[in-house]
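One letter stands for each residue in the lines below.
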Amino acid sequence: MNNMVLNKRVVFFLTCLMVMGSNHVLANDVKVSLALLTEKRAVPPALSNLDPILTDEGIQGATLGIKDNNTTGQFTGHHYDLKHIEVPLHDDVISAFNLLVEGGYRYILVDVQASTLEKISALAKPKNILLFNVSSTDDRLRNNSCSANIFHIIPSDAMKADALAQWMLKKRWQNWFLVKGSDEEDQRFANAIKRAAKRFGVKIVKEKTWNFDHDARRTAQAEIPVFTQGAEYDVLAVADVKGLFGEYLTMNTWLPRPIIGTQGLVPSAWHRTHERWGAVQMQNRFYKQAGRWMNDVDYSSWLAVRTVGEAVTRANKVEPAEVKKYILSDRFSLAGFKGVKLTFRRWNQQLRQPVLLATPRSIVSVLPLKEFLHPRTYLDTLGYDKLESTCELR
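Reading the values: rules and limits
- Residues numbered from 1 in each chain as written.
- Predicted model: local features only at pLDDT ≥ 70, side-chain atom pairs only at ≥ 80, totals over all residues.
- Heavy atoms only, no water.
- Axes fitted to C-alpha atoms, helices over the stretch in contact; angles between N-to-C directions.
- Helix = DSSP H or I, 4+ residues; strand = E, 2+ residues; numbered from the N terminus.
- Parallel < 35°, antiparallel > 145°, perpendicular 65-115°, else oblique.
- Contact = heavy atoms within 4.5 Å.
- Nonpolar A, V, L, I, M, F, W, Y, C, P; charged D, E, K, R; others polar.
- Salt bridge = Lys/Arg side-chain N within 4 Å of Asp/Glu carboxyl O.
- Buried < 20%, exposed > 50% of the residue type's maximum accessible area, 1.4 Å probe, protein only.
- Pairing = 2+ DSSP bridges.
- Right-handed = clockwise from strand over helix to strand, strands pointing away.
- Polar contact = N/O pair within 3.5 Å; in protein donor to acceptor, adjacent residues only side chain to side chain.

Novice: Outline the packing of helix α9 (residues 296-315) against helix α10 (residues 320-327), supporting the account with residue identities and numerical values.
Specialist: Orientation of α9 relative to α10, taken along the N-to-C sense of each, is 95°, at an axis distance of 9 Å. The angle between the axes of α9 and α10 places the two elements in the roughly perpendicular class. Contacts between α9 and α10 involve Thr307, Ala311, Val312, Arg314 and Ala315 from the first element and Val323, Tyr326 and Ile327 from the second. Split by residue class, the contact of α9 with α10 holds six nonpolar, one polar and one charged.

Novice: I'd love a proper account of the pattern of salt bridges, names of residues and values included.
Specialist: The full count for this structure, using the stated rule, is 27 salt bridges. For Asp111, the salt bridge is made with Arg41, and the minimal N-O distance between the two is 3.3 Å. Of the two residues, Asp111 is situated in strand β3 (residues 107-111) and Arg41 in the loop between β1 (30-39) and α2 (59-76); the sequence distance between them amounts to 70 residues. Between Asp157 and Arg188 there is a salt bridge whose closest N-O contact spans 3.7 Å. Of the two residues, Asp157 sits in helix α5 (residues 157-171) while Arg188 sits in helix α6 (residues 184-199), which places them 31 residues apart along the sequence. Residue classification places Asp157 among the buried residues on the basis of a relative accessible area of 5%. Sharing partners across several salt bridges, the network here consists of Glu118, Asp138, Arg140, Asp157 and Arg188.

Novice: Pulling in residues and values, what's your account of unusual backbone geometry?
Specialist: Each neighbour pair has its own omega, and for Leu367 with Pro368 the value is 10°, a cis peptide bond. Notably, Met251 is not glycine yet its phi reads approximately 70°, a positive angle. Using a relative accessible area of 78% as the deciding quantity, one classes Met251 as exposed.

Novice: So, the pairing of strand β4 (residues 130-133): which residues are in play, and what are the values?
Specialist: Burial along β4 is two-sided: Leu130 and Phe132 and Leu131 and Asn133, pointing in opposite directions, are all buried. Sheet topology note: the β3/β4 ladder contains four bridges and is parallel. By the bridge assignment for β4, Leu109 is matched with Phe132. Crossover connection from β3 via helix α4 (residues 114-124) to parallel β4: handedness right-handed.

Novice: Can you break down the environment of Thr76 residue by residue, with the values?
Specialist: Take Thr76: it is sitting in helix α2. Look at Thr76 and you get buried, because its relative accessible area is 4%. Separated by 46 residues in the primary sequence, Thr76 and Val30 place their C-alpha atoms 9.0 Å from one another. In this structure the side chain of Thr76 is engaged in a polar contact, spanning 3.4 Å, whose partner is the side chain of His78.

Novice: Run through the sheet that holds β1, naming residues and quoting values.
Specialist: Think of a sheet as strands paired side by side through backbone hydrogen bonds, with each pair either parallel or antiparallel. Pairing is parallel across the open sheet formed by five strands, whose spatial order is β2-β1-β3-β4-β5. Two strands lie at the open edges of the sheet, namely β2 (78-87) and β5 (150-152), each paired on one side alone. Averaged over all neighbouring strand pairs, the angle between strand axes comes to 25°, with direction disregarded. Of the strand pairs in this sheet, β1 and β2 are connected by 10 bridges, and their pairing is parallel. Its bridge partner lying in β2, Val30 is registered against His78. Helix-sheet contacts for α2 involve β1, β2 and β3, and the interaxial angle to β2 is about 165°.

As structure tokens, then:
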């Protein structure tokens, strides 16, 4: 056997022994069941045939997380399994959730829209069920509509917008032209951009709403230069979550300026070109399993499953109340291939994590920048800090 492979296995085995030796190990053959609830949403037509429509988003990341949990479980006597329920468009998500509750599932990953998550949370709370939000970036869920039984894994809109603002401030590109779409998701991200601009001293010199109903592919060269006239700016910030027009802004604006936001330079939880801190190993394993690259929802689903696995292993408890207590303690941390330990904010239960700034084929930077100081951790310079939060967990 190759010595390098042997050494890696020895190190892994010794690590597991250390985990077991530092705690009282649960009895063998302990089963931990998790579920992933997916609400299918309407998908707009792809702008290009190069953009695949994913049918396995989230479940691939969760599956990989289960495999990783069971690798450690070989030494701790724990076994993890996963049930996936995908609710078709316009079907009853609440009924599907109730089926999981009746089946005894107490750890449920939720890939649903924000309004659905609020309804599910109200049902889950009296039943001592922990929910892990792996897809909704809505800041409202981390503030006025927060809930004590929801852990937010995916970065919020505010975290992503703050990452953009920090990088633009470093580049001294402080005058922005904001172009937003007309639907609710676009408005939310536009609001996050405006909040970040105010927070980091960036000026929105002009704001316009894209309200053209037709396909911009054939008319972009004629319409976009006119649309982007009228102001001097350093960058064009875009809020086009569904990708209906943002791709056509590049190289078609009146002024030769960078594009940032939902297109161009994009803030994300994960990116296929991320290679630092052992991420290549993660990328290769995921691609071998799924036959495609990992995205934000996949990565968040993997992190959610690993959160449960890490807490159960370290705390030696399987009850949701005890697992939650450990996750929010100073002893919990999670490795996420981002160079720092990931932990949860106690005031809104958002996972602290770096945000990757990337173009389609390269990583530009990893935010936050350490120059932005914070009394607790520089990760808390992204998103709503404790004093800014309006969350009252209940």
